[in-house]
Amino acid sequence: AVYGPREVHPRHLQEVTRAIVRYRYNMASFSVEERKRPGPDRRSYELSKVSREALEPVILTSFFPRSVIDVFVEVLQADAGTRTAGINAASVALADAGIPMKSMISSCAAGKVGGTIVLDPMKEEDNFGQADLPIAMTPNGDITLMQMDGNLSKEEFRQAVEMAMKGARDIYELQRRALVEKYSQISAAPGQEGVHLCE
Ligand code: UDP
């Protein structure tokens, strides 16, 4: 969910020249097999921070001084890749909420499992694999998030980044299509002729 731009509370967080962006990643206690203790923890603070930093560079925050744009990501079912899925959903939600952005952000991870570089690892592959490398990027390939767990050789790293970037490019197409489909339906509906989305 995206709320805003709206007034900042507490007010001392206000920035006079731009909007601030807040991002809350939360994994529901029932989203994983082994019940997760509810509430924030180190992992959710980290994921909230890196996800916010992945999106912030494309949001035109200077349009809304003294305000806040709040992004809430609630993970209801987890099988690894939740930070990347959250960023993808948040990017579409920001565009859908009419927040001015320079571009979309698309995110995907690559990993190393059993000596092979794979795309979008699932939980077992992530937890027992040798490496996990999530990225987020603009459609131009400007990277706004890159993290890595585990070890990769230089060549494996190059291969993993290339694979994750290709995954992100495929996701960008799906994000774009979702928005185009929604707004072309709205613009086709009677009384909504004013809504247009440029392809
Ligand atoms: N996970 C879990 N319990 C936790 C944290 C994570 O079962 O307390 C699982 C969950 O399926 C998650 C996966 O481990 O998606 C990988 O977690 P990671 O921290 O690598 O983040 P993600 O890949 O989801 O971005």
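I will try to describe carefully the structure that is included in this document. No experiment lies behind these values; they were computed from the predicted model shown.

Procedures and definitions
Residue positions are counted from 1 within each chain, in the order its sequence is given. Residue-level local features of this predicted model are given only where pLDDT is at least 70; pairs of side-chain atoms are given and counted only at 80 or more, and the full residue set underlies all totals for whole chains, interfaces and linings. Based on all heavy atoms of the structure, the side-chain values leave hydrogens and waters out of the count. Only DSSP runs of H or I reaching four residues or more are called helices, and only runs of E reaching two or more are called strands; each is numbered from the N terminus. Note on terminology: a nonpolar core comprises buried Ala, Val, Leu, Ile, Met, Phe, Trp, Tyr and Cys residues joined through side-chain atoms within 4.5 Å. Throughout, exposure labels follow a simple rule: accessible area from a 1.4 Å probe, protein chains only, divided by the maximum for the residue type, with under 20% read as buried, over 50% as exposed, and the rest as partly exposed. The nearness test applies per residue and asks whether one of its heavy atoms lies within 4 Å of the molecule or strand. Polar contact is the term for a pair of N or O atoms within 3.5 Å; when the atoms are in protein, one must be able to donate a hydrogen and the other to accept it, and sequence-neighboring residues count only if both atoms are side-chain atoms. Methods summary: accessible areas were calculated by the Shrake-Rupley approach with a probe of 1.4 Å, and residue burial reflects only the protein chains presented. Cavities and pockets are defined on a 1 Å grid built over the protein atoms alone: a cavity is a set of grid points where a 1.4 Å probe fits but cannot escape, while a pocket is an open set with protein on both sides within 12 Å along at least five of seven lines, and lining residues are those with an atom within 4 Å of any such point. More than half of a molecule's atoms lying within 2 Å of a cavity's or pocket's grid points is what places that molecule inside it. Pairs of residues are marked as contacts when any of their non-hydrogen atoms sit within 4.5 Å.

### Some remarks on unusual backbone geometry
In step 1: Residue Pro5 is reached from Gly4 by a cis peptide bond, and omega for that bond is 0 degrees.
In step 2: For Pro5, the location among the structural elements is in strand E1 (residues 2-7).
In step 3: For the peptide bond that leads from His9 to Pro10, omega is -5 degrees, which places it in the cis range.

### Focus on the nonpolar core
In step 1: Ranked by size, the top nonpolar core spans 26 residues in total, and within it Tyr23, Leu55, Ile59, Ile87 and Leu94 carry the most contacts.
In step 2: The next biggest cluster of nonpolar side chains, apart from the first, holds 13 residues, and it includes Ala131, Ala160, Val161 and Ala168.

### Some points on the site of the ligand
In step 1: Close contacts around the ligand come from Met27, Val32, Lys36, Arg43, Ala78, Asp79, Ala80, Gly81, Thr82, Arg83, Lys123 and Asp126, and that covers them all.
In step 2: In this structure, an oxygen atom belonging to the ligand sits 2.5 Å away from a side-chain N or O atom of Thr82.
In step 3: Between an oxygen atom of the ligand and a side-chain N or O atom of Asp126, the distance comes to 2.9 Å.
In step 4: In isolation the ligand has 510 Å² of accessible area, and contact with the protein removes 80% of it.
In step 5: Given that more than half its atoms are within 2 Å of the pocket grid, the ligand belongs to the largest pocket.
In step 6: Those elements giving two or more residues to the shell around the ligand turn out to be helix H2 (82-96) and helix H3 (123-128).

### Quick notes on the environment of Asp70
In step 1: Relative to the helices and strands, Asp70 is located in strand E3 (residues 67-75).
In step 2: Of the residues examined, Asp70 reaches a relative accessible area of 3% and is grouped as buried.
In step 3: On a C-alpha basis, the gap between Asp70 and Arg52 in space is 9.9 Å, while along the polypeptide they are 18 residues apart.
In step 4: Beyond its immediate stretch of four places on either side in the chain, Asp70 contacts Ala1, Val2, Tyr3, Arg6 and Arg22.
In step 5: Looking at Asp70, its side chain comes within polar contact range of the side chain of Arg22, at 2.8 Å.

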